[in-house]
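Chain residues, written in single-letter form:
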Amino acid sequence: MDLSLRPLAYLVLLFLASSSSFIAVHVVTANVVFPVQHKFKGQERNLSAFKAHDIRRHGRLLYDVDLKLGGNGKPSETGLYFAKIGIGSPPKDYYVQVDTGSDILWVNCIGCVRCPKKSNLGIELTLYDPKSSSTSSLVTCEQDFCKSTYDGPLPGCRPDLLCQYKVVYGDGSATSGFFVEDSVQLDRVTGDHEVAPENGSVIFGCGAKQLGELGSSSEALDGILGFGQANSSMISQLASAGKVKKMFAHCLDNTEGGGIFAIGQVVQPNVNMTALVPNQAHYNVVLKDIEVGGEALSLPSDIFENGFRKGTIIDSGTTLAYLPEVVYETLVPKIMAQQPGLKLHTVEEQFSCFQYIGNIDDGFPTVAFRFEGSLSLTAYPHEYLFQIQNDVWCIGWQNSGMSKDGSQMTLLGDLVLSNKLVVYDLVKQAIGWTEYNCSSSIKVKDESGAVYSVYAHNLSSASTAIIRRTLTFMLLLIGMLHSISY
């Protein structure tokens, strides 16, 4: 689920006097891999669900970490990626969304109010029970990490008062509970295509109550694993514990499914970087201009400036791509000008679609985003257009100005990030990417100088082919039910 914990991604994290979102991580020496699967995989979903999902969100190096991925970023299929991690002793598997736009790890817990009991994603949901794990311990408000979260002791804190958290999202959905410390099982990279299990102690949110969409069984996961750059995120806590360098990379494959997610220094392929905007909640970058078919759009000079509800964010937890209203209204006509005979129709009151016979990569222009530092990101027609039925295509670009808060954000999600290796170097405060075959492998280097290959993974079940056929059939039915006249 696209649940960024920051306002710029349309979500609000509320820290109350009785809540906390601090994550303390203590991990043993290891290179770790997490299996990841697309969240919406196997669901019968309409197009509106993907946009609604987007709106809701918004030391010494000892090892590199590898998260095993699954799923893809196609709006007409799954729309998200998630990972499988082991928690507790003995460990049990939990499926959590891997999200670069949020900063907290939490899972649904036993006795939770309105927690989902089943999922249509082809996965089995598991409620975490602290009492069933021999390594679990409750976290109280007097502990250092809780004090650090509130910049000091909490008023009324007692030795037996639990450190609680509450996260409220823009659509009214919310999760709340308390923090627990327990063992988390990670996959340590020991060689090329070789991993070994490794345990670490992690403090995470134990979800006691869910409201709104978080309780929906059709979209259910066990929780969220945030990879934001705040101190509470998994990557920040691993780095502060001296276990990893504060850098990671992902390569999201929406062709074969799954992909690559690794914590560590990527040494192959080489990736050009651009600076992150300092003191920002998300991975903000400086966007200079946009080109369509090699020609720059004529836009206001200040349209990409950073500010309140402005700026450009790179967010792997978002399915589509959102542009300021003036950019959207300039970009789409420029794209469609190459096919003046086509007639646009609105599907589900928000998606512009059309009928087209032929190769869309031959019939439509590329869209290139130009960033500070001469770094560019190219979106091809087969990436920003998606098919909902035979010869019917929809435009993936969305108007962020149509949101309730009137945001003028540029939010680049999986629509343009898929099939690219994206590297986050939080030590140098830089981010970069390159087009890449996400079903192949990358090379990472540890402190000893050893270089290992991290291969792509796909957590899809054996029924993936059947699921895809079912999705295709359902999408055809959806397309037929909508009144699209030609």
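If you look the protein chain up in an unreviewed UniProt entry, it shows as Peptidase A1 domain-containing protein from Carya illinoinensis. Regarding the protein chain, the relevant UniProt record gives this comment under Sequence similarities (unreviewed entry): "Belongs to the peptidase A1 family."

Draft legend 1. Spotlight on the nonpolar core. Phe227, Phe369 and Trp397 are the most contacted members of the largest nonpolar core, which totals 74 residues. Among the elements that take part in this core, helix H4 (residues 325-336) stands out by supplying 6 residues, more than any other. For Phe369, the contacting residues outside a window of four places in its chain are Leu287, Asp289, Ile290, Leu323, Leu375, Ser376, Leu377, Trp397, Leu412 and Val416. Of all hydrophobic cores here, the second largest spans 15 residues; its members include Trp106, Cys141, Cys146 and Leu214.

Draft legend 2. The sheet that holds strand S24 (residues 367-371), seen in detail. Read from one edge of the open sheet, 4 strands run S19-S18-S24-S25, paired in antiparallel fashion. What marks the edges here is a single partner per strand, and that holds for strand S19 (295-296) and strand S25 (375-379). The sheet strands contacting H4 are strand S18 (287-292), S19 and S24, and the helix crosses S18 at an angle near 25 degrees.

Draft legend 3. Spotlight on the environment of Glu181. Within the secondary structure layout, Glu181 lies in strand S10 (residues 174-191). Owing to a relative accessible area of 19%, Glu181 belongs among the buried residues under this scheme. On a C-alpha basis, the gap between Glu181 and Gly205 in space is 8.9 Å, while along the polypeptide they are 24 residues apart. A polar contact of 2.6 Å, which involves the side chain of Glu181, links it to the side chain of Ser201.

Draft legend 4. Examining the sheet that holds strand S29 (residues 408-412) more closely. Overall, mixed pairing links the 5 strands, which are arranged S17-S20-S29-S21-S28 in an open sheet. One side of each edge strand has no neighbouring strand; the edge strands of this open sheet are strand S17 (284-285) and strand S28 (397-399). Alignment of strand S21 (residues 321-323) against S28, held across 3 bridges, turns out to be parallel. Bridge pairing in S28 links Tyr322 to Gln398. Its contacts with the sheet place H4 against S21, S28 and S29, and it is angled at close to 140 degrees to S28.

Draft legend 5. Local environment of the state of the cysteines. The tally for this structure, following the rule as stated, stands at 6 disulfides. With a sulfur-sulfur separation of 1.8 Å, Cys112 is cross-linked through a disulfide to Cys115. Because the sign of the S-S torsion sets the handedness, a value of about 70 degrees for the bond joining Cys112 and Cys115 places this disulfide among the right-handed ones. Between the sulfur of Cys146 and that of Cys163 lies a disulfide, 2.2 Å long from S to S.

Draft legend 6. Representation of the pattern of salt bridges in the model. Counting across every chain of the model gives 5 salt bridges. Lys84 is paired through a salt bridge with Asp93; the nearest N and O atoms lie 4.0 Å apart. Its relative accessible area of 40% is what places Asp93 among the partly exposed residues. Lys334 is paired through a salt bridge with Glu295; the nearest N and O atoms lie 3.2 Å apart. Separated by 39 residues along the polypeptide, Lys334 in helix H4 and Glu295 in strand S19 bring together distant segments of the chain.

Draft legend 7. Region of the structure containing unusual backbone geometry. Residues Ser89 and Pro90 are joined by a peptide bond in cis, for which omega reads 0 degrees. Mapped onto the elements of the fold, Pro90 is located in the loop between strand S5 (82-87) and strand S6 (92-99). The peptide bond linking Gln268 to Pro269 adopts the cis configuration, its omega dihedral lying at 5 degrees. Secondary-structure assignment places Pro269 in the loop between strand S15 (265-268) and strand S16 (273-275). A positive phi angle, near 60 degrees, is found at His193, a position not held by glycine. By secondary structure assignment, the location of His193 is in the loop between S10 and strand S11 (194-211). For His193, a relative accessible area of 56% translates into the label exposed.

Analysis parameters
- The residue numbers shown here count from 1 along each chain, following its written sequence.
- Residue-level local features of this predicted model are given only where pLDDT is at least 70; pairs of side-chain atoms are given and counted only at 80 or more, and the full residue set underlies all totals for whole chains, interfaces and linings.
- Excluding hydrogens and water, the side-chain figures rest on all heavy atoms present in the structure.
- UniProt positions are given in the numbering used here, feature names are shortened, and annotations may be inferred rather than shown by experiment.
- Definition used in this section: a nonpolar core is a set of buried Ala, Val, Leu, Ile, Met, Phe, Trp, Tyr and Cys residues joined via side-chain atoms within 4.5 Å.
- Think of it in three bands: with a 1.4 Å probe and only protein chains considered, a residue is buried below 20% of the maximum accessible area for its type, exposed above 50%, and partly exposed in between.
- A run of H or I in DSSP counts as a helix once it spans at least four residues, and a run of E counts as a strand once it spans at least two, with each numbered from the N terminus.
- A contact between two residues is defined here by any heavy atoms of the two lying within 4.5 Å.
- Pairs of strands are assigned from DSSP output, requiring at least two bridges between the strands.
- Angles shown run from 0 to 180 degrees and are taken between the N-to-C directions of axes, each axis being a line fitted to C-alpha atoms and, for helices, limited to the stretch in contact.
- What qualifies as a polar contact is a pair of N or O atoms within 3.5 Å, subject to a donor-acceptor requirement within protein and to the restriction that residues adjacent in sequence count only when both atoms come from side chains.
- By disulfide we mean two sulfur atoms from cysteines, separated by a distance within 2.5 Å.
- By definition, a salt bridge exists where a carboxyl oxygen of Asp or Glu is found within 4 Å of a side-chain nitrogen of Lys or Arg.

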